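# Report on the structure
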Amino acid sequence: MKRSVRLSSITLFAATAASAAFSQDGFTVGYFLEWPMPFEYAKANGIYDEKLGVPINWVAFDTGTAMSAAMAAGDVQISYSQGVPPFISAASAGQDLRIVGIASSYPENENCVVAAHLEIDKDNASELEGLRVALPVGSGAHYGFLQQMEYFDVDTSTMSIVDMAPAEGAAAFDQGSVDVVCGWGGALTRMLENGNVLLSGAEKEQIGVLSSDLITTTTEFANENPELLAGFLSVTEEMNQMWNTGEYRDEMLAVIAKDAGMEVDNAASVIDNFQFPTAEEQLSEIWLGGGLGSYLGGVATLFHEIGSLPQVLPSYVSLIETSPLENVVAQ
């Protein structure tokens, strides 16, 4: 196969870059089934093993919390596509974790919807005050709702907020029981049949409303294996670039769907809601360069206020390690 995206030199260091601890046995990466991503093309074709010169053991998980537990036990060194809430919970409890990349962004796949008959948009958002809202309390969607209301200077104390899972919220919205509803995935699609969003995904990101999954690792692994970690991120970057060009979509999608345990059409409907930012974009102010740290702190504060997080760290910025991606960009 001819590839227009060439594997960069940082991935060509083979076994000499691995530390003694991992030079023979490799390391373990946690990921999710039925969560299709471009990295799975390299995973399925053995590209990571070939370019890094060490074997990678891939282990599927059901939750990000289980990923954190496996990293705490030393069984997993990298978690791919870990959600923000489980990362915050583990880090706030004292687990020594670091964020080294953004696995995916899905700003259009998580949002709040206003009933169409109210005819409220971003130009008259003040009319949201006093309305009934359904959202999953303690989720990223909850925090995103609060950020949007703050941006529009809407007093949420005037609103009636009900805790509902996205599917339940979509049903209540369809019945007219609530005026505003927040959620993600298929439930959001159903919500949009009866209403409109206030801000697009791109507009949300510009005001700091981030919907994303993370690439995380342990501090020990990051400190002891910087070249190996950078190599892993470099291969990942190449796969994202290949996918983003669109030139290899059909070939990659077939492999990705099989690896994710999905039918091709189902995998396509999921992955098409994702964005895969480049290494440069991940290092920007929106993400690892500042925005993500502020977002983590805000989410943690919300969780603490509603009683689901016992303690909050003074800052979450120090949990973001940018040097591995900086090494990728420098190649």
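What comes next concerns the included structure.

Calculation rules
Residues numbered from 1 in each chain as written. Predicted model: local features only at pLDDT ≥ 70, side-chain atom pairs only at ≥ 80, totals over all residues. Heavy atoms only, no water. Helix = DSSP H or I, 4+ residues; strand = E, 2+ residues; numbered from the N terminus. Rg over C-alpha atoms; globule rule 2.2 N^0.38 Å. Buried < 20%, exposed > 50% of the residue type's maximum accessible area, 1.4 Å probe, protein only. Contact = heavy atoms within 4.5 Å. Pairing = 2+ DSSP bridges. Axes fitted to C-alpha atoms, helices over the stretch in contact; angles between N-to-C directions. Polar contact = N/O pair within 3.5 Å; in protein donor to acceptor, adjacent residues only side chain to side chain. Disulfide = S-S within 2.5 Å. Core = buried A, V, L, I, M, F, W, Y, C linked by side-chain atoms within 4.5 Å. Salt bridge = Lys/Arg side-chain N within 4 Å of Asp/Glu carboxyl O.

### Remarks on the overall build of the chain
Scanning the chain from N- to C-terminus turns up 15 helices and ten strands. At 20 Å, the chain has a C-alpha radius of gyration in line with the 20 Å of a compact globule built from 331 residues. Viewed in the frame of its principal axes, the chain has a C-alpha envelope of about 65 × 45 × 30 Å. The burial tally for the chain puts 54% of its 331 residues in the buried class. Intrachain contacts of the chain at a sequence separation of at least 6 include 80% that bridge at least 24 residues.

### Topic: the sheet that holds strand 7 (residues 160-163)
Within the open sheet, the five strands sit side by side as 7-6-8-5-9. Their pairing is mixed. The sheet is open, and its two borders are formed by strand 7 and strand 9 (195-197), each paired with just one other strand. Ignoring which end each strand starts from, the neighbouring axes of this sheet average 25 degrees apart. For strand 5 (residues 110-115) and strand 8 (residues 180-184), the ladder comprises five bridges, and the chain directions are antiparallel. Its bridge partner lying in strand 8, Val 114 is registered against Val 180. Relative to strand 8, helix 6 (residues 166-175) is tilted by about 145 degrees, and along the sheet it contacts strand 5, strand 6 (132-135), strand 8 and strand 9.

### Description of the environment of Tyr 316
With respect to the helices, strands and loops of the structure, Tyr 316 is situated in the loop between helix 14 (291-305) and helix 15 (323-330). On the accessibility criterion, Tyr 316 (3% relative accessible area) is buried. When the C-alpha positions of Tyr 316 and Leu 128 are compared, they lie 32 Å apart, and in sequence the two are 188 residues distant. Of note is the side chain of Tyr 316, whose polar atom sits 3.1 Å from the backbone nitrogen of Leu 313.

### What to know about the pairing of strand 8
Of all five residues that make up strand 8, four are buried, and the element is covered over most of its length. Examined bridge by bridge, strand 6 and strand 8 share two bridges and lie parallel to one another. Note on strand 8: the bridge partner recorded for Ala 134 is Val 181.

### With respect to the state of the cysteines
Under the definition given, this model contains one disulfide. Shown here is the disulfide that connects Cys 112 with Cys 182, its sulfur atoms set 2.1 Å apart. The sign of the 105 degrees torsion about the S-S bond sets the Cys 112-Cys 182 disulfide as right-handed. Separated by 70 residues along the polypeptide, Cys 112 in strand 5 and Cys 182 in strand 8 bring together distant segments of the chain. Owing to a relative accessible area of 8%, Cys 112 belongs among the buried residues under this scheme. The class of Cys 182 is buried, set by a relative accessible area of 1%.

### Overview of the sheet that holds strand 2 (residues 56-61)
The strand order across the open sheet formed by five strands is 2-1-3-10-4, and the pairing between neighbours is mixed. In this open sheet, the two strands that pair with only one neighbour each are strand 2 and strand 4 (97-105). With direction set aside, neighbouring strand axes in the sheet form an average angle of 30 degrees. Where strand 1 (residues 27-32) lies against strand 3 (residues 78-83), two bridges are found, and the strand directions are parallel. Pairing of Val 29 across the sheet is with Ile 78, part of strand 3.

### Structural notes on the nonpolar core
Counting 74 residues, the largest nonpolar core has Phe 27, Tyr 80, Phe 232 and Leu 292 as its most contacted members. Among the elements that make up this core, the one with the highest residue count is helix 10 (residues 226-245) (eight residues). Counting residues in each nonpolar core, the second largest holds 18 residues, with Cys 112, Ile 120, Leu 128 and Val 133 among its members.

### A closer look at the environment of Leu 253
Looking at the element boundaries, Leu 253 is found in helix 11 (residues 249-260). On the basis of relative accessible area, Leu 253 is assigned to the buried category, the value being 5%. Placed 215 residues apart in sequence, Leu 253 and Pro 38 show a C-alpha to C-alpha distance of 8.1 Å. Apart from the residues lying within four places of it in its own chain, the contact partners of Leu 253 are Trp 243, Val 264, Ala 267, Ala 268 and Ile 271.

### Here's the deal with the pattern of salt bridges
Considering all chains together, one arrives at six salt bridges under this definition. As a salt-bridge pair, Arg 98 and Asp 96 come within 3.3 Å of each other at their nearest N and O atoms. Residue classification places Asp 96 among the partly exposed residues on the basis of a relative accessible area of 44%. A salt bridge links Glu 203 to Lys 122, with the nearest nitrogen and oxygen atoms 2.7 Å apart. Residue Glu 203 is located in helix 8 (residues 201-206), and its partner Lys 122 is located in the loop between strand 5 and strand 6; the two are separated by 81 residues in the primary sequence.

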